[in-house]
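Below, each chain spelled out in residue letters.
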Amino acid sequence: MVKVKVGSMEKEYTSKTTLYEIAKDFKNQYSNDIVLAECDGVLCELSKKVDEDCEVKFITTDTKIGNDCYRRSMTFLMMKAFYKVCDGENIDKISVQYSVSKGYFCRIYGKVTVTQKLLDSVEAEMRGLVEKDVLITKESLSTDEAIKLFGELGMYDKENLFKYRRSSRVIVYHMGGFDDYYYGYMTYSTGVLKYFKLIQYDNGFVLQMPTKEEPDKVPEFKPQEKVFEVLKEATQWGEMMGVPTIGAVNDKITNGTIGNIMLVQEALQEKKIADIATEIANRQGVKFVMIAGPSSSGKTSFSHRLSIQLMANGYKPHPIAVDNYFVEREQTPVDENGEYNFEDLHAIDIKLFNDHMNALLRGEKVEIPQFNFLTGRKEYNGDYIQLGEEDILVIEGIHCLNDELSYALPVESKFKIYISALTQLNVDEHNRVATTDGRLIRRMARDYRTRGASAKRTLSMWESVRKGEEKNIFPFQEEADAMFNSAMAYELCILKPIVEPLLFSITEDDPEYQEAKRLLKFLAYFLPCQADNVPINSIMREFIGGGCFRV
């Protein structure tokens, strides 16, 4: 017999009892479905058998880890159903490409036409598999065996991915005779995968799934058309350049052509920035270029490069950081924990900002404040601005897309830009690279380089940062006049040598350990790459250093 402690309760079980069986005894203590467990601090699937005394913490679908597990398993379920309904012979590839409306946008290639009728049939097959509660099992294959298996199954992206695998083993998952590989742990069986919807959209479809905030509800389908078009364009570019997946990028590194990919992508970004500057120049009355985007999107470098392009169009740009208009420290709003909430809109002196901007619009001379973060007060140090015909303000801040920040400014005087790092890269055809992971890794590199901050500190702050983005940035992104995607297909190969040692410094005793382990496993897919061909004005220089801008 072995003793298993869950919270304050302890029970005895026979040796080799699975965590799934143990979870049944405790499920009434949880308001949401159990999908994984931590056994003595180690993340485990519920198929794990307990053979010694241990302490168990169950992971439910209302956590990030649990929700990620649910989404992976749901993707597996969808693939199984598609290959059954459409007959695998008619499918060349099903590609999970990027997030749309809380779900995954997917494309199907081959002799299959996507219709809502087809999707309804696939959804019915999925619900049948949920009802049957089909077991999800796994098998450890040698890397060579896995390469052969996925080559035979026509999953060539996986075949190529494993060519660069350092580990000698690969975990392959099975569901009722269907085999696949997924980056991360899976649910014990299909019975828990109850909430989903398949929706036809554009030239593909969306697998709509719950969020961790509402794990037992399929959210309303609300696609964001402008962001979708940017993601679609980036994916098409990746396919055109032959770098849609990690394995393809690794191919470019090994054959020595990654430098060309870097230069072409930089040229493409410069063209996009020039196009935005031309659009601003062609619009009458624009005096305020308002730039916003989530953390580590490269806003500062982008604003410098846009300013250069504006100068090429005959403008005299003046940069302004909205952070200089923070209210005095004692007026700063606080969050539910009593901590200063600097991301709240009302942490900004909105009235003063509008008064100053309107005075500039009238042609008056205005002294712009500089916020002293040590004293928590605005200071006036003789930074005067007066706008002539060719002058334009380039304003950067997280609330710049929210008209409440600039409520008193005429609509025609504002040109709003949303910037984010919307990666076009996938691990393989069924495993996507999360945009948030790319930004998190960027931020770790920059925090360490510019502030000496550890990866542990960056990870500990990330959830709070993400909450601020969800509230203050993402709801307004469709209000933008232009969107700019700062992601690079090659960037994680450059960032890997910087970030890996930082992640290895996080120990098992740290709360951030599981996330550090996940990111290390993720980075293991990439070959490292030198940054020699990254231009000095590249947005990537904001994170790796060696750039020409003061960022």
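I will try to describe carefully the structure that is included in this document. (Residues numbered from 1 in each chain as written. Predicted model: local features only at pLDDT ≥ 70, side-chain atom pairs only at ≥ 80, totals over all residues. Heavy atoms only, no water.)

## Brief notes about the environment of Val130
Line of reasoning, step 1. By the element assignment, Val130 lies in helix α3 (residues 116–132).
Line of reasoning, step 2. For the pair Val130 and Thr300, spaced 170 residues apart in the sequence, the C-alpha separation amounts to 48 Å.
Line of reasoning, step 3. Sequence-distant contacts of Val130, defined by excluding residues within four places in its chain, comprise Leu77, Thr190, Gly191, Leu193, Lys194 and Phe196. (Helix = DSSP H or I, 4+ residues; strand = E, 2+ residues; numbered from the N terminus. Contact = heavy atoms within 4.5 Å.)

## A word on the side chain of Arg442
Line of reasoning, step 1. Within the secondary structure, Arg442 is located in helix α11 (residues 435–451).
Line of reasoning, step 2. A distance of 3.4 Å separates a polar side-chain atom of Arg442 from the backbone oxygen of Ser297.
Line of reasoning, step 3. At 2.8 Å, the side chain of Arg442 and the backbone oxygen of Ser486 are in polar contact.
Line of reasoning, step 4. Aside from chain neighbours lying at most four places away, what touches Arg442 is Ser296, Ser297, Gly298, Ala421, Ser486, Ala487, Met488, Glu491, Leu495, Met540 and Phe543. (Polar contact = N/O pair within 3.5 Å; in protein donor to acceptor, adjacent residues only side chain to side chain.)

## Let's talk about the packing of α11 against helix α14 (residues 513–523)
Line of reasoning, step 1. The geometry of α11 relative to α14 is characterised by a closest axis approach of 12 Å and an angle of 100 degrees between their N-to-C directions. By the angle between their directions, the pair α11 and α14 is classed as roughly perpendicular. Each of Asp437, Leu440, Ile441 and Met444 in α11 lies in contact with α14, whose residues at this interface are Glu515, Arg518, Leu519, Phe522 and Leu523.
Line of reasoning, step 2. Its residues assigned to classes, the contact of α11 with α14 shows six nonpolar, no polar and three charged. (Axes fitted to C-alpha atoms, helices over the stretch in contact; angles between N-to-C directions. Parallel < 35°, antiparallel > 145°, perpendicular 65-115°, else oblique. Nonpolar A, V, L, I, M, F, W, Y, C, P; charged D, E, K, R; others polar.)

## Concerning the sheet that holds strand β15 (residues 288–292)
Line of reasoning, step 1. Spatially, β16-β21-β15-β22-β23 is the arrangement adopted by the five strands of the open sheet, whose pairing is parallel. With one partner strand each, in any of the chains shown, β16 (316–321) and β23 (482–485) form the two edges of the open sheet. Each adjacent strand pair in this sheet contributes to an overall mean axis angle of 25 degrees, direction not counted.
Line of reasoning, step 2. Looking at chain direction, β15 and strand β21 (residues 391–396) are connected through four bridges and run parallel. Among the inter-strand pairings, Met290 is bridged to a residue of β21, identified as Ile395. (Pairing = 2+ DSSP bridges.)

## A word on a negative patch on the surface
Line of reasoning, step 1. Together, Glu10, Glu12, Asp40, Glu52, Asp53 and Glu55 make up a negatively charged patch on the protein surface.
Line of reasoning, step 2. Along the polypeptide, Asp40 turns up in the loop between β4 (34–39) and β5 (42–45). (Patch = residues over 30% accessible without salt bridge, like charges linked within 9 Å, V, L, I, M, F, W, Y side chains within 5 Å. Areas by Shrake-Rupley, 256 points an atom, 1.4 Å probe, with all protein chains shown as cover. Salt bridge = Lys/Arg side-chain N within 4 Å of Asp/Glu carboxyl O. Lys, Arg positive; Asp, Glu negative; His and termini not counted. Charge placed at Lys NZ, Arg CZ, Asp CG, Glu CD.)

## As for helix α13 (residues 491–504)
Line of reasoning, step 1. End to end, α13 covers 20 Å across 14 residues, agreeing with the expected 20 Å (1.5 Å per residue, within 8%).
Line of reasoning, step 2. The principal kink in α13, of about 45 degrees, is found at Pro497.
Line of reasoning, step 3. Here α13 lies mainly inside the structure; ten of its 14 residues are buried.
Line of reasoning, step 4. Buried residues of α13: Glu491, Leu492, Cys493, Ile494, Leu495, Lys496, Val499, Glu500, Leu502 and Leu503, and no others.
Line of reasoning, step 5. Residues of α13 that are buried in the fold lie against α7 (246–254), α8 (258–282), α11, α12 (455–472), α14 and α15 (541–544). (Expected span 1.5 Å × (residues − 1). Bend = angle between axes of the 7 residues up to and from the residue. Buried < 20%, exposed > 50% of the residue type's maximum accessible area, 1.4 Å probe, protein only.)

## Some details on the packing of aromatic side chains
Line of reasoning, step 1. For the structure on display, the rule yields 25 aromatic pairs.
Line of reasoning, step 2. On the numbers, 6.3 Å between centres and 40 degrees between planes, the contact of Phe26 with Phe58 is tilted. Residue Phe26 is located in helix α1 (residues 19–26), and its partner Phe58 is located in strand β7 (residues 54–60); the two are separated by 32 residues in the primary sequence. Each of the two residues, Phe26 as well as Phe58, counts as buried.
Line of reasoning, step 3. With centroids separated by 5.7 Å and ring planes inclined at 85 degrees, the aromatic side chains of Tyr183 and Tyr525 adopt a geometry described as edge-to-face. Of this pair, Tyr183 sits in the loop between β12 (178–180) and β13 (197–201) while Tyr525 sits in the loop between α14 and α15, placing them 342 residues apart in sequence. Across the pair, Tyr525 and Tyr183 agree in class, each one buried. (Phe/Tyr/Trp six-rings, centres within 6.5 Å; stacked < 30°, edge-to-face > 60°.)

## Structural notes on unusual backbone geometry
Line of reasoning, step 1. Look at Ser101: it is not a glycine, yet its phi comes out positive at around 50 degrees.
Line of reasoning, step 2. Residue position: Ser101 is located in the loop between β8 (91–100) and β9 (103–110).
Line of reasoning, step 3. Despite not being glycine, Asp202 shows a phi value in the positive range, around 50 degrees.
Line of reasoning, step 4. Inspection of the secondary structure assignment puts Asp202 in the loop between β13 and β14 (204–208).

## Some thoughts on the pairing of β9
Line of reasoning, step 1. Where burial is concerned, most of β9 is hidden: six out of the eight residues are buried.
Line of reasoning, step 2. Relative to β9, β8 runs antiparallel, the two being bridged by eight bridges. Each bridged residue has a counterpart across the sheet, and for Ile91 the counterpart in β9 is Gly110.
Line of reasoning, step 3. The loop that links β8 with its antiparallel partner β9 comprises two residues; one of these, Ser101, has a positive phi angle of about 50 degrees.
Line of reasoning, step 4. Across four bridges, β9 lies against β14 in antiparallel orientation. Along β14, the bridge assignment pairs Cys106 with Phe205.

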